[in-house]
Amino acid sequence: MGEQDAGRLVDGLRRTFDSGRTRPIAWRQRQLSRLDELLKDHEDVFLAALGSDLGKAPTESFVTEVAFLRSELAHARRNLRRWLRPRRVPVPAVAMPARASTVLEPLGVALIIAPWNYPLMLALSPLIGALAAGDAVIVKPSELAPDTSRAIADLLPRYLDPEAVAVVEGGVDETTALLAQRFDTIFYTGSGRVGRIVMEAAAKHLTPVTLELGGKSPAYVDDAVDLRVVARRLVWGKFIAAGQTCVAPDYIMASPATARRLAPLLADAVAEQYGTAIGDNSDYARIVDERQFDRLVSLLDDGTVASGGRHDRTRLFIEPTVLTGVAPDSAVMHQEIFGPILPVVEVTDADDAIARITAGDKPLALYVFSDDAETRRRFVTRTSSGAIVFDAAVIHLSVPGLPFGGVGASGMGGYHGRRSVEVFSHEKALLSKPLTPDTLALLRPPYTAKRIAIVRALLGR
Ligand code: NAD
């Protein structure tokens, strides 16, 4: 797709939007229910595509992609009417009598650009928000998950209103052509590098952006917690999707004594969850491509392999690996790992961990395993991150009432639940004032002493 084709596509969608077709709640509800039918009818197609793109086990894909989307859909369908109701806001004395409220109005034509790691969920979860908001929309799935991209492109137009929803497949060229167009909002999920390209392109048209980015999400483990349970939870959060999860715990910080006890327990938890012949275990995902594989294997040299470490380029397999003895200035401690390598780093105490976190980019997620209320409080008040989760990893994504998004380098704007509708909407201010009594006379000149006294009394100043 070149720029002209992209322009024609956006023009067509804008005509649909301007016609008002996407605004009625009935249209929105219909699209959401059709999207749910699509996922139900073709679950096998998507699970197979995710298997061939990323070697994900059907159960893992079902839980983290299909079921996740279907519960988001159910939540949106159940609550949409309520979310769209005008929200009354109080009117101060100076403007009385009047009624004030806000209403969510659709922004127009949206562009959604998705990454490869959860290629179905991260393309369609924002789409739920765009449809619920009443926008026309283009979805651009990731070219690095080609089978999932193809399935989305094949199926979406068969279920959703083709005049209002389009799928554009492709990579950099196609995305660049799209980004040259004027959209009313852009929702991007992926790396900060491309996030900057997206934001720059959006700035030319003053288009608002939501950026769902990544970075290093640290975990801190206190001395006084049940390390066996902690190890199980960290191993699940880290090695699901072979570590290619934006909120995967990137590295662990613990005191030297706790780090020494934790490392073998992580190995035990890996064995519990994936067995010992992990190369043959279909429950364990593969690395997306050779480029990522080579990058990850080079990181294995940045520390001592405490467990795991085996890899096979022909099968894009890297064993769940625990690294110890990593130098603070090594690559593995600077780039987002985004793969199945888990460094355990020794820190003196919680304050040392906090100092290291605040010295780096603001994380997308921060995991703290501690029963101590004061330690928890210090992490909450002295660090900044998209989310902070105590005694668990990754699971916060399943709570639709919690905003999912980053801060600083990990992104801007949160979604899920009602917020998914909000990011694709404008919250319009609405005020209605009766013509009589003509109270505004008080605010108009001439500013007599009497008027000033009344206005001051009304303002309470
Ligand atoms: P990416 O930025 O390489 O690609 C994402 C999308 O951008 C793809 O659709 C791709 O086609 C497009 N793209 C790539 N290069 C482009 C260019 N030069 N111009 C325009 N478009 C371009 O990201 P990725 O490697 O697919 O994803 C990995 C990153 O995404 C990690 O940092 C991860 O943490 C982050 N991530 C964040 C979330 C989140 O929800 N916050 C979720 C998943 C991944």
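Residues numbered from 1 in each chain as written. Predicted model: local features only at pLDDT ≥ 70, side-chain atom pairs only at ≥ 80, totals over all residues. Heavy atoms only, no water.

**Student:** What is the right way to look at the domain arrangement of the protein in this model?
**Tutor:** Quoted interface sizes are often the accessible area lost when the parts come together. Segmenting the protein into domains produces domain 1 (3-213 + 412-426) and domain 2 (218-405). Inter-centroid distance (C-alpha atoms) of domain 1 to domain 2 is 30 Å. Tallying the contact residues gives 21 residues for domain 1 and 23 residues for domain 2. Of all residues in domain 1, the largest losses of buried area upon contact with domain 2 belong to Glu 60, Trp 116 and His 416, amounting jointly to 26% of the total for that side. Inspection of the region where domain 1 meets domain 2 yields 0 salt bridges. Listed by contribution, the elements that provide at least two residues to the side of domain 1 that touches domain 2 are helix H3 (43-54) and helix H4 (58-84). (Domains from an automatic or database assignment. Contact = heavy atoms within 4.5 Å. Buried area = accessible area lost by both parts, 1.4 Å probe. Salt bridge = Lys/Arg side-chain N within 4 Å of Asp/Glu carboxyl O. Helix = DSSP H or I, 4+ residues; strand = E, 2+ residues; numbered from the N terminus.)

**Student:** It is not clear to me how the site of the ligand should be interpreted in this structure. Could you clarify?
**Tutor:** Near the ligand you find 26 residues, and of these Ala 114, Glu 143, Tyr 188, Leu 213 and Glu 336 are the closest. Take Tyr 188: an N or O atom from its side chain is 2.3 Å from an oxygen atom of the ligand. For the ligand, whose accessible area on its own is 840 Å², the fraction buried by protein is 91%. Elements with a minimum of two residues in the shell around the ligand: helix H7 (172-179), strand E6 (185-189) and helix H8 (192-204). Classifying every residue of the shell around the ligand by side-chain character gives 14 nonpolar, 8 polar and 4 charged. The two domains that each donate at least three residues to the shell around the ligand are domain 1 (3-213 + 412-426) and domain 2 (218-405). (Near = heavy atom within 4 Å. Polar contact = N/O pair within 3.5 Å; in protein donor to acceptor, adjacent residues only side chain to side chain. Areas by Shrake-Rupley, 256 points an atom, 1.4 Å probe, with all protein chains shown as cover. Nonpolar A, V, L, I, M, F, W, Y, C, P; charged D, E, K, R; others polar.)

**Student:** Explain empty space enclosed by the protein here, please?
**Tutor:** Think of a ball as big as a water molecule: rolled over the atoms, this probe shows where empty space is left. The tally for this structure, following the rule as stated, stands at 3 cavities of 30 Å³ or more. By volume, the largest cavity amounts to about 50 Å³. Residue lining of the largest cavity: Glu 72, His 75, Ala 76, Trp 83, Ile 128, Gly 129, Ala 132, Gly 417, Ser 420 and Val 421, and that is the complete set. Element by element, the count of residues in the lining of the largest cavity is highest for H4, at 4 residues. The residue makeup of the lining of the largest cavity, split by class, is 5 nonpolar, 4 polar and 1 charged. The volume enclosed by the second largest cavity comes to roughly 40 Å³. Every residue along the wall of the second largest cavity is listed here: Gly 215, Lys 238, Gly 243, Thr 245, Cys 246, Ala 248, Pro 249, Asp 250, Glu 336 and Phe 338. Its residues assigned to classes, the lining of the second largest cavity shows 4 nonpolar, 3 polar and 3 charged. (1 Å grid on protein atoms, 1.4 Å probe; cavity = no way out; pocket = protein on both sides within 12 Å on 5 of 7 lines; lining within 4 Å. Points joined across faces, edges and corners; volume = space filled by probe spheres on them.)

**Student:** It is not clear to me how helix H13 (residues 373-382) should be interpreted in this structure. Could you clarify?
**Tutor:** For the α-helix, the turn length of 3.6 residues means that residues three or four positions removed from each other point alike. If you check which residues of H13 are buried, you get Thr 375, Arg 378 and Phe 379. Take H13 and look down its axis: the buried residues cluster within an arc of 95°, on one side only. Opposite its buried face, H13 presents the exposed residues Ala 373 and Thr 381, each directed more than 90 degrees away. In this structure, the buried residues of H13 make contact with strand E8 (217-221), helix H12 (350-359), strand E15 (365-369) and strand E16 (387-390). (Buried < 20%, exposed > 50% of the residue type's maximum accessible area, 1.4 Å probe, protein only. Arc of directions from axis to C-beta.)

**Student:** Whenever I open this one, the packing of aromatic side chains confuses me. Can you help?
**Tutor:** The description of two aromatic rings rests on the distance between their centres and on the angle between their planes. Per the counting criterion, the structure on display carries 7 aromatic pairs. Ring geometry for Phe 187 against Phe 424: centres 5.6 Å apart, planes inclined by 15°, an arrangement best described as stacked. Residue Phe 187 is located in strand E6, and its partner Phe 424 is located in the loop between helix H14 (418-423) and strand E18 (425-432); the two are separated by 237 residues in the primary sequence. Given the relative accessible area of 1%, Phe 187 is considered buried. Owing to a relative accessible area of 1%, Phe 424 belongs among the buried residues under this scheme. Measuring from centroid to centroid gives 5.2 Å for Tyr 274 and Tyr 284, while their planes differ by 70°, and the two rings are edge-to-face. Here Tyr 274 is found in helix H10 (residues 256-274), whereas its partner Tyr 284 is found in the loop between H10 and helix H11 (290-299), with 10 residues between them in sequence. We classify Tyr 274 as buried; its relative accessible area is 8%. (Phe/Tyr/Trp six-rings, centres within 6.5 Å; stacked < 30°, edge-to-face > 60°.)

**Student:** Sorry if this is basic, but what is going on with the nonpolar core here?
**Tutor:** What tends to happen in soluble globular proteins is that the nonpolar side chains get buried as a cluster. Ranked by size, the top nonpolar core spans 116 residues in total, and within it Leu 35, Leu 124, Leu 127, Leu 156, Val 221 and Leu 266 carry the most contacts. Ranked by the residues each element gives to this core, the list is headed by helix H5 (residues 121-133), at 10 residues. No fewer than three residues from each of domain 1 (3-213 + 412-426) and domain 2 (218-405) sit in this core. Among residues more than four places away in sequence, those in contact with Leu 124 are Leu 35, Leu 39, Leu 69, Ile 152 and Leu 156. Among the nonpolar cores identified, the runner-up in size contains 23 residues, and Ile 138, Val 168, Leu 179 and Leu 213 belong to it. (Core = buried A, V, L, I, M, F, W, Y, C linked by side-chain atoms within 4.5 Å.)

**Student:** Would you explain the environment of Arg 70 in this entry?
**Tutor:** For Arg 70, the position within the fold is in helix H4. Spatially, the C-alpha atoms of Arg 70 and Thr 22 are 21 Å apart, while their sequence positions differ by 48 residues. Apart from the residues within four sequence positions on either side, Arg 70 is in contact with Asp 36, Leu 39 and Lys 40.

**Student:** Which parts of the structure should I look at to understand the pairing of strand E3 (residues 109-113)?
**Tutor:** For a regular strand, the rule is simple: side chains alternate between the two faces of the sheet. With 5 of 5 residues buried, E3 is to be regarded as a mostly interior element. Of the two faces of E3, the one holding Val 109, Leu 111 and Ile 113 and the one holding Ala 110 and Ile 112 are both buried throughout. Across 5 bridges, E3 lies against strand E4 (residues 136-140) in parallel orientation. By the bridge assignment for E4, Ala 110 is matched with Val 137. (Pairing = 2+ DSSP bridges.)

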